[in-house]
Amino acid sequence: KNISFDRILVLVTCFLLSAILIRSSILFLQHSSTSYGLTEWLINYEGGFTRRGLLGQLLFLVHENIFLKVNYIVLMLCIFLYLYIFYFFIIKLNKTFPILFLLSPLMLGMPILTDFFIRKDILGLLLLIFLVYICKSKLKSLNFFICINSIYILSILVNETIFFYSFLIIFLFILERKKIYEKVLNNIISTLLILSPSLIIFLILIIYNANFEGSSAIHNSWENLWSAISPQDCCDYEMGGEILALENEKINFFNLYN
């Protein structure tokens, strides 16, 4: 008698999304060699310094030295991140965020319904939450400067798109830390100086990627992985996904509208 309609709907929705998640995971393991989601994780520095390469380089070292199937690692990591962000919204925003809305296609339902959960985007969201926690911490000036830039630079090297949706948020949080609103211009300049190491790294990524031609080297570095994913198609793996897009979707200030 105490079970409300909302709770029943949440349970049913969770069950259905879980079933879709299992199905999507099986399909991913069978066809992930051509997946944009997987190849975004696999971008590394084997073809030279480029955007999104840090995490892929770490995965490549695991692949070369521990001989684990990286597509399994990526799948498990994505599922873990997805469940953790679900847990975060339920626990931290329990009284202000409707659970039903969380399960809808507008929120966490969409990644499962469209296979979008095998992407770096949820990792970017978690990194942003972590950056906000650092901004709200009581770290002293030097420790804060080192901590915020270290994490922010790592985040940008993992996926540079975090800069576009996080910079204003982080900027405002740092500005708020000063709590001296009479000298607004001075505070804005000092805040930019605090974030200058992260800004410089972002600009370096743009400059280096403007003439990047190392996609083939990245693709070839994963030859053993392609064979492990699709042994029936041995030795005939065309470059595709986000690895190919590194050369076709260059980042620079002159065509950001693309």
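Everything below is about the structure printed above this text.
About the thresholds
- Residues numbered from 1 in each chain as written.
- Predicted model: local features only at pLDDT ≥ 70, side-chain atom pairs only at ≥ 80, totals over all residues.
- Heavy atoms only, no water.
- Salt bridge = Lys/Arg side-chain N within 4 Å of Asp/Glu carboxyl O.
- Helix = DSSP H or I, 4+ residues; strand = E, 2+ residues; numbered from the N terminus.
- Buried < 20%, exposed > 50% of the residue type's maximum accessible area, 1.4 Å probe, protein only.
- Axes fitted to C-alpha atoms, helices over the stretch in contact; angles between N-to-C directions.
- Parallel < 35°, antiparallel > 145°, perpendicular 65-115°, else oblique.
- Left-handed = near helix turned anticlockwise from the far one by under 90°.
- Contact = heavy atoms within 4.5 Å.
- Nonpolar A, V, L, I, M, F, W, Y, C, P; charged D, E, K, R; others polar.
- Polar contact = N/O pair within 3.5 Å; in protein donor to acceptor, adjacent residues only side chain to side chain.

(A) Highlighting the pattern of salt bridges. Taken as a whole and judged by the stated rule, the model has six salt bridges. Note that Glu40 is salt-bridged to Arg119, the shortest N-O span being 2.9 Å. Of this pair, Glu40 sits in helix α2 (residues 36-42) while Arg119 is found in the loop between α6 (109-113) and α7 (121-135), placing the two residues 79 residues apart along the sequence. Of the residues examined, Glu40 reaches a relative accessible area of 2% and is grouped as buried. Arg119 gets classed as partly exposed once you look at its relative accessible area, which sits at 24%. When salt bridges with common partners are traced through the structure, they connect Glu40, Arg51, Arg52, Arg119, Asp121, Glu160 and Glu242 into a single cluster.

(B) Region of interest: the packing of helix α1 (residues 5-31) against helix α4 (residues 70-92). Taken N-terminus to C-terminus, the directions of α1 and α4 make an angle of 160 degrees; their axes are 10 Å apart at the nearest point. The orientation of α1 relative to α4 falls into the category roughly antiparallel. Both α1 and α4 take part in a crossing whose hand is right-handed. Within the contact between the two elements, α1 uses Cys14, Leu21, Ser25, Phe28 and Leu29 and α4 uses Asn71, Tyr72, Leu75, Ile79 and Phe86. Its residues placed into classes, the contact of α1 with α4 shows eight nonpolar, two polar and no charged.

(C) Broad picture of unusual backbone geometry. The phi angle at Arg52 is positive, at roughly 65 degrees, despite the residue not being glycine. If you trace the backbone, Arg52 turns up in the loop between α2 and α3 (53-65). Taking relative accessible area as the criterion, Arg52 reaches 8% and is therefore assigned buried.

(D) Here's a closer look at the environment of Tyr152. With respect to the element layout, Tyr152 can be found in helix α8 (residues 141-158). Once the C-alpha coordinates of Tyr152 and Phe130 are considered, the two residues, 22 residues apart in sequence, prove to be 9.7 Å apart. Residues within four places of Tyr152 in sequence aside, it is in contact with Leu131, Phe163, Ser166, Phe167, Ile170, Leu195 and Ser198. In terms of polar contacts, Tyr152 uses its side chain to reach the backbone amide nitrogen of Phe167, at 3.3 Å.

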